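The residues making up each chain are set out below.
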Amino acid sequence: MTSDYRLERNAFGRLVFTGAHGDVHEGVVPVRAFPIGAPDEGIALVNPHGHELAWIERLNDLPDALRTLVESELASREFMPEIRRVLSVSSFATPSTWRVETDRGSAALVLKGEEDIRRLAPPALLITDSNGIHFLIRDRFALDAASRKLLDRFL
Amino acid sequence: MKTTSAPLPNAQNDSPAARADLPALAGRFPSSLPDGRRAEIETQLAADENVLAHLEIDLDAGLRFADGLVLVSNRRLLARAAGQDAWQEWPYRAGLTLQRNDHAGVGTLELCDADGRLAQWRYTLGGDIAAGRLVDQFARQLAGALTGKEAAASEQALCPVCETPLMAGQDECPKCSREVDAPPSTWTLLRLWRFAHPYRWRLLAGFLLTLCATAATLVPPYLTMPLMDNVLIPYQNGKPIDRGLVTLYLSGLLGAALLAWVLGWARTYILALVSERIGADLRTTTYEHLLKLSQEYFGGKRTGDLMARIGSETDRINIFLSLHLLDFATDVLMICMTTAILVSINPWLALVTLLPLPIIAWLIHVVRDKLRTGFEKVDRIWAEVTNVLADTIPGIRVVKAFAQEKREAARFRAANLHNLEVNDKVNKVWSLFTPTVTLLTEIGLLIVWAFGIWQVSRDQITVGVLTAFLAYISRFYLRLDSMSRIVSVTQKAAAGAKRIFDILDHVSSVPEPANPVHLPRVEGRIELRNVGFRYGTRSVTRDISIDIAPGEMVGLVGHSGSGKSTMVNLICRFYDVTEGAILLDGVDIRSLPVAEYRKHIGLVLQEPFLFFGTIAENIAYGKPDATRAEIIAAARAAHAHEFILRLPHGYDSLVGERGQALSGGERQRISIARALLIDPKILILDEATSSVDTTTEKEIQKALDNLVRGRTTIAIAHRLSTLREANRLVVLDRGSVVEVGNHEQLMEREGHYYTLYQAQARNVDTEDQLARHDAAAQGERK
Ligand SMILES: Nc1ncnc2c1ncn2[C@@H]1O[C@H](COP(=O)(O)OP(=O)(O)O)[C@@H](O)[C@H]1O
Ligand SMILES: [Mg+2]
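Here we summarise the structure given alongside this text. (Residues numbered from 1 in each chain as written. Chains lettered and ligands numbered in written order. Predicted model: local features only at pLDDT ≥ 70, side-chain atom pairs only at ≥ 80, totals over all residues. Heavy atoms only, no water.)

1. Comments concerning the site of ligand 1
Residue and element names in this part refer to chain B.
Next up, step 1: The full set of residues close to ligand 1 is Tyr535, Arg538, Val540, His559, Ser560, Gly561, Ser562, Gly563, Lys564, Ser565, Thr566 and Tyr575.
Next up, step 2: In the environment of ligand 1, an oxygen atom lies 3.0 Å from a nitrogen or oxygen atom belonging to the backbone of Gly563.
Next up, step 3: Between ligand 1 and the protein, one listed contact pairs an oxygen atom with a side-chain N or O atom of Ser565 at 2.6 Å.
Next up, step 4: Of all elements in the fold, only strand S9 (538-548) and helix H15 (564-571) reach the threshold of two or more residues within the shell around ligand 1.
Next up, step 5: The element that contributes the greatest number of residues to the shell around ligand 1 is H15, accounting for three residues.
Next up, step 6: In the shell around ligand 1, the residues fall into three nonpolar, seven polar and two charged. (Near = heavy atom within 4 Å. Polar contact = N/O pair within 3.5 Å; in protein donor to acceptor, adjacent residues only side chain to side chain. Helix = DSSP H or I, 4+ residues; strand = E, 2+ residues; numbered from the N terminus. Nonpolar A, V, L, I, M, F, W, Y, C, P; charged D, E, K, R; others polar.)

Laid out in structure tokens, this is it:
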């Protein structure tokens, strides 16, 4: 698929979008429509005013150069550490501080209340910590036994 | 990129000297910098260099957790990128800018010059305030370095911990003092003592009665011993029955039974009375506390869950106190007394009798843990079931309109199924528990029989003693069985207590000030100073500064979602600002008592909420002692009087739950009357007229004109034409103020407001045309 727009990164690290009619937008950001449910489908390029400039049906359909650009921008904007292991929890009553191992290194999170653990489409869970960071557990049954046991106390 | 790759040569040369006069170094760092960091930083600093602000970076460029540091000194910006050892520096020069923004919980600092981006650092939002300080200091130092003047030091008092500026009337930082990360203690039930304390004398009386009642119940088995040894066995051996002795023993039995009956009745009555009161206190206190919590708390909680906590959980605790705990106390007393009696009769047999006790105690202990988590889970699931109901019933019109009854039923079934699953799991352990205790009881009895018979055969005890023992322990083990039940009920009650104390322990995120400032008279001057706010991680408003003079009417306009209602929430202190401050007559609203402050505010919202009750009650909601004349005057001013009179019961008409019996415009006018009645200094109208048709709007508008006079007014209106009266219009766009001025000025500027206005004017035209078209069409049909 060829696109009728161009995307480049400028010296300020911002994406610059040039549309089919020569309109130029700086500071364009890609936004996933379903960041959890279907991350690779439906990505909008949005200008700083929040207006949609282009719609990407599927990331894989893009030409390579464009795709890497979009992917790198997404990677630098998205922050949803995926919990691989729960190492310890400070208490089973909230607020409780968890030490976890994520795909982005080990971290500590403060769980303010059980309601901050959101059930997504099973078996995924989304944990919001006291700073508002979302930690994802993609498959809670795939965690190791110790983590599952700790986690289970909060569900 | 023009960066030096560290370590910096001059910094290293300086470092020994820097270390030499360590005591004098105290002024070189902000007090909030952790000690562990200082050694690392010192190696980088020149002799006369002071660190003025710092930010601990916890993410690297690929957003992995790693550790780094950004510093602003009086000479330059210094940074060690996350996960790296090398330091980089940027001395102050023209064209440098440092910017901060955040997205989805990650903050970004960007250092740029005219040609491009020099560096970028990422951090989790816990460090956002420090980042704000850093950017501030950077700008100040940069300006100082460029103009050659000494950078002005910040005059504001700062919180020593997080460096939030402190406002007049604040001794402690509103931000830090609210952090509560400590988990509640496990001995939650003991905390119920707070509620039991007022009734302690009655509780003591109840306890003494329990003691006596239990003692009385222990008399009958004791009497079986002499009955057996002195009456029955002698009779079997050929002696006649001694009638006097029998009468004595039997009347003893009867007396003990009667005594136990009277005492048991008294103690149950007293203790039930007390526990009922404790439960009621608990419920009221929890509800009162709940009402004080901030909007934010309610935003994050489900209605059904809160209802379950205050309703059924308190009841469960109540039953626990009045029934189970009482039984348990009786049982413990009984066991202690029985043990004493048994030991006094025959220590050996007593020992054997009591042998199974530790085993059972151990069993109870093991199961306790499993059951506790299980029961906590059951509670949470139960709340989920209630939540489905609380979600669906108020939205029943939507459910029916979209014919989704089946789906909602399925949702309820799913919640119920989940409930079943969890209960099944708990019951698996629980069902094994009771039979095991029974089995142990039987085995215990068996042991006593065997050992007793052996002792009787060796003439160490009499048959009477063995009978007494058997009589005692059959009661005793019976109690053990019921005692084992205490495990589950205690755990259930503890889980309930924990969930209640979760509410009670929650500190409002709009806390009452420690040293409240009281304003004797309110002028109504509102100042917003660099106000920033975030819902969770979503930055909604940024750096808003507005000054509103007493009596001025300010209109807030902007696209939907531009943060207008958020401003209202902040000014009403439903939420506290994340940055900056809001001042009323020069005093930070965080240092005013919350209720006192809100008394000065009249609020009319887009969706007026009416409570179940009469119209008069609803109008007088903010001032329950208002006279009828006042209520009518307010209704007249709100242009509600006439339609109220048309209702069958006038001001005494019931409005139904949430005001269902009234139309949107009628509800709105009642809510305006409500705001009018309290005669507030400050009036806030959030799209008060946008849900009604134009005619009604005109009426409401007339009502509002009455309301606005002489008050500081902040009005948000969807239709810009309704804001013509405003002294000033503030145009918001994506959370920032973009334009300020009156209608004419803003139209002249042809900026944001102009476009908004033009767009609406076009719409109105087309609406009019459509109306005309319709009329024409109807005319033709006739
Ligand atoms: N309780 C909330 N939690 C999270 N985001 C919210 C909340 N309330 C409002 N927002 C968001 O804040 C932004 C501003 O909302 P608001 O102030 O209500 O806009 P408006 O100008 O239309 O009144 C919107 O993008 C909205 O989605
Ligand atoms: Mg709004």
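2. Quick word on the packing of aromatic side chains
Residues and elements named next belong to chain B.
Next up, step 1: Applying the stated criterion across every chain yields a total of 13 aromatic pairs over all chains.
Next up, step 2: Between Phe609 and Phe611, the aromatic rings sit 5.1 Å apart at their centres with planes inclined by 65 degrees, giving edge-to-face as the arrangement.
Next up, step 3: The structure contains a cluster of three or more aromatic residues connected by ring pairs, namely Phe609, Phe611 and Tyr621. (Phe/Tyr/Trp six-rings, centres within 6.5 Å; stacked < 30°, edge-to-face > 60°.)

3. Observations regarding unusual backbone geometry
Among all residues save glycine, negative phi is the norm, and among peptide bonds the norm is trans.
Residues and elements named next belong to chain B.
Next up, step 1: Its identity as a non-glycine residue notwithstanding, Asp679 has a phi of 50 degrees, on the positive side.
Next up, step 2: Phi is positive for Arg734, which is not a glycine, with a value near 45 degrees.
Next up, step 3: One can find Arg734 in the loop between strand S16 (728-733) and strand S17 (736-741).

4. Focus: the sheet that holds strand S10 (residues 553-558) of chain B
Residues and elements named next belong to chain B.
Next up, step 1: Spatially, the six strands line up as an open sheet ordered S13-S14-S15-S10-S16-S17, and their pairing is mixed. Of all the strands in the sheet, the pair left with one neighbour each is strand S13 (601-604) and S17. The average angle at which neighbouring strand axes cross in this sheet is 20 degrees, direction not considered.
Next up, step 2: Contacting S13 and strand S14 (682-686), helix H20 (residues 664-677) crosses the sheet at an angle of about 180 degrees to S13.
Next up, step 3: Sheet contacts for helix H21 (residues 694-708): S10, S14 and strand S15 (712-716); angle to S14, the most-contacted strand, approximately 155 degrees. (Pairing = 2+ DSSP bridges. Axes fitted to C-alpha atoms, helices over the stretch in contact; angles between N-to-C directions. Contact = heavy atoms within 4.5 Å.)

5. Points about the pattern of salt bridges
Residue and element names in this part refer to chain B.
Next up, step 1: Following the criterion strictly, the structure yields 28 salt bridges over all chains and no others.
Next up, step 2: Asp136 serves as the salt-bridge partner of Arg140, at 3.8 Å between the closest nitrogen and oxygen. Here Arg140 and its partner Asp136 are both found in helix H3 (residues 128-147), four residues apart, which amounts to about one turn of the helix.
Next up, step 3: For Arg140, a relative accessible area of 24% translates into the label partly exposed.
Next up, step 4: When the shortest N-O distance is used, the salt bridge between Lys400 and Glu405 registers 3.9 Å. (Salt bridge = Lys/Arg side-chain N within 4 Å of Asp/Glu carboxyl O. Buried < 20%, exposed > 50% of the residue type's maximum accessible area, 1.4 Å probe, protein only.)

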